Amino acid sequence: MSSEKAKSSNKADIDPASQVLCNRVTELRKKNKLTLDQLAAASGVSRSMLSQIERGQANPTLAVTFRIAQAFGITIGELVDQPWASSTIEVVHGDDASNLFRADDECQIRTLSPLHMEKNIEFYELRIAPRASLASAPHFEGTKELLTVTQGSARITAGDNSRNLAVGDSAHYRGDLEHSIDNCGNEELICYLVVTSQ
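Quick look at the sheet that holds strand β7 (residues 161–165)
Note: strands within a sheet are paired through backbone hydrogen bonds, in either parallel or antiparallel orientation.
Okay, so step 1: Strand order in the open sheet formed by four strands is β4-β9-β6-β7, and the pairing between neighbours is antiparallel. Every interior strand has two partners, whereas the edge strands, β4 (133–136) and β7, have only one. For this sheet the average axis-to-axis angle between neighbouring strands, irrespective of direction, equals 10°.

Side note on the pairing of strand β8 (residues 170–174)
Okay, so step 1: Burial along β8 is one-sided: Ala171 and Tyr173 are buried, and none of Ser170, His172 and Arg174, which face the opposite way, are.
Okay, so step 2: As paired strands, strand β5 (residues 144–151) and β8 are joined by five bridges and run antiparallel to one another. Across the sheet, Glu145 pairs through a bridge with Tyr173, a residue of β8.

Looking at the pattern of salt bridges
Close approach of charged atoms allows side chains of opposite charge to pair.
Okay, so step 1: All chains considered together, the criterion is met by eight salt bridges.
Okay, so step 2: A salt bridge links Arg110 to Glu125; its shortest N-O distance comes to 3.3 Å. With Arg110 in strand β2 (residues 107–111) and Glu125 in strand β3 (residues 121–128), this residue pair connects regions lying 15 residues apart in the sequence. There is no split in this pair, since Arg110 and Glu125 are both buried.

Examining the nonpolar core
Okay, so step 1: Of all hydrophobic cores here, the largest spans 21 residues; its most connected members are Leu126, Leu147, Tyr173 and Ile181.
Okay, so step 2: Elements supplying a minimum of two residues to this core: β2, β3, β5, β6 (154–158), β8 and β10 (189–196).
Okay, so step 3: Ranked by residues supplied to this core, first place goes to β10 with four residues.
Okay, so step 4: The residues touching Leu147, leaving out its near neighbours within four places in the chain, are Leu126, Ile156, Leu165, Asp169, Ser170, Ala171, Tyr173, Ile181, Cys191, Tyr192 and Leu193.
Okay, so step 5: One finds Leu28, Leu50, Phe72 and Ile74 within the second-largest nonpolar core, a separate group that totals 16 residues.

Section: the packing of helix α3 (residues 36–43) against helix α4 (residues 47–54)
Okay, so step 1: At a minimum axis distance of 9 Å, the contact between α3 and α4 shows a crossing angle of 115°. Our classification of the angle between α3 and α4 gives roughly perpendicular. The two elements α3 and α4 cross, and the hand of that crossing is right-handed. For the pair α3 and α4, the contacting residues are Leu36, Asp37, Leu39, Ala40 and Ser43 in the first and Arg47, Leu50, Ser51 and Glu54 in the second.

Some points on the sheet that holds strand β1 (residues 100–103)
Okay, so step 1: Across the sheet, which stays open at both edges, the six strands sit in the order β1-β2-β3-β10-β5-β8 with antiparallel pairing between neighbours. Looking at the sheet topology across the chains shown, the edges are occupied by β1 and β8. Each strand of the sheet is rotated relative to its neighbour by a mean of 20°, with strand direction disregarded.
Okay, so step 2: Strand direction decides the pairing type here: β5 and β10, joined by seven bridges, are antiparallel. Note that in β10 the partner of Val149 across the bridge is Cys191.

Considering the packing of aromatic side chains
Okay, so step 1: All chains considered together, the criterion is met by two aromatic pairs.
Okay, so step 2: Arranged with centres 6.1 Å apart and planes meeting at 55°, the rings of Phe101 and Tyr124 form a pair that is tilted. In this pair, Phe101 sits in strand β1 while Tyr124 sits in strand β3, placing the two residues 23 residues apart along the sequence.
Okay, so step 3: Classification of Phe101 as exposed rests on a relative accessible area of 60%.
Okay, so step 4: Taking relative accessible area as the criterion, Tyr124 reaches 11% and is therefore assigned buried.

Parameters at a glance
- Residues numbered from 1 in each chain as written.
- Predicted model: local features only at pLDDT ≥ 70, side-chain atom pairs only at ≥ 80, totals over all residues.
- Heavy atoms only, no water.
- Pairing = 2+ DSSP bridges.
- Helix = DSSP H or I, 4+ residues; strand = E, 2+ residues; numbered from the N terminus.
- Axes fitted to C-alpha atoms, helices over the stretch in contact; angles between N-to-C directions.
- Buried < 20%, exposed > 50% of the residue type's maximum accessible area, 1.4 Å probe, protein only.
- Salt bridge = Lys/Arg side-chain N within 4 Å of Asp/Glu carboxyl O.
- Core = buried A, V, L, I, M, F, W, Y, C linked by side-chain atoms within 4.5 Å.
- Contact = heavy atoms within 4.5 Å.
- Parallel < 35°, antiparallel > 145°, perpendicular 65-115°, else oblique.
- Left-handed = near helix turned anticlockwise from the far one by under 90°.
- Phe/Tyr/Trp six-rings, centres within 6.5 Å; stacked < 30°, edge-to-face > 60°.

See the structure below:
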């Protein structure tokens, strides 16, 4: 009797951090269409531990939480914190290096949309060096891209079609074909890219 009483009070006394983790792991696993076994394989955390976490019956170590976050491709902070749930404004900071998708001599791609957003819309800042290009293989069927040039000049190719863009021009094209963005000028090309998928 006393052990049953202890069990019920323990369940009621789940601390808020554990409750957030419990909800987030369940939400992310379902959103990514993963079974407990698949998440266990991806994270290196046992199926039984993951099950306990999702039921709010475990208080995982930092190392376990880190492995779960890595399996979802996010940071521990993103796993346990939900700033968008308590605030109507979420900021993606320009100096946050974790938002750099690519950075080399030819091209820099910076993510401008929050990392937790649904993957059916993505927003990027592109900086392409003079005479360099960003070539992409076809994305999922139904993917569209909308590109706006704010500095320099670009040539957009999607499938067999090409168009030249100057500052202020925008192009909407299929992202489910081979496509490329070429800097055809002598200055850095700066543009903003929105990717949508059905």
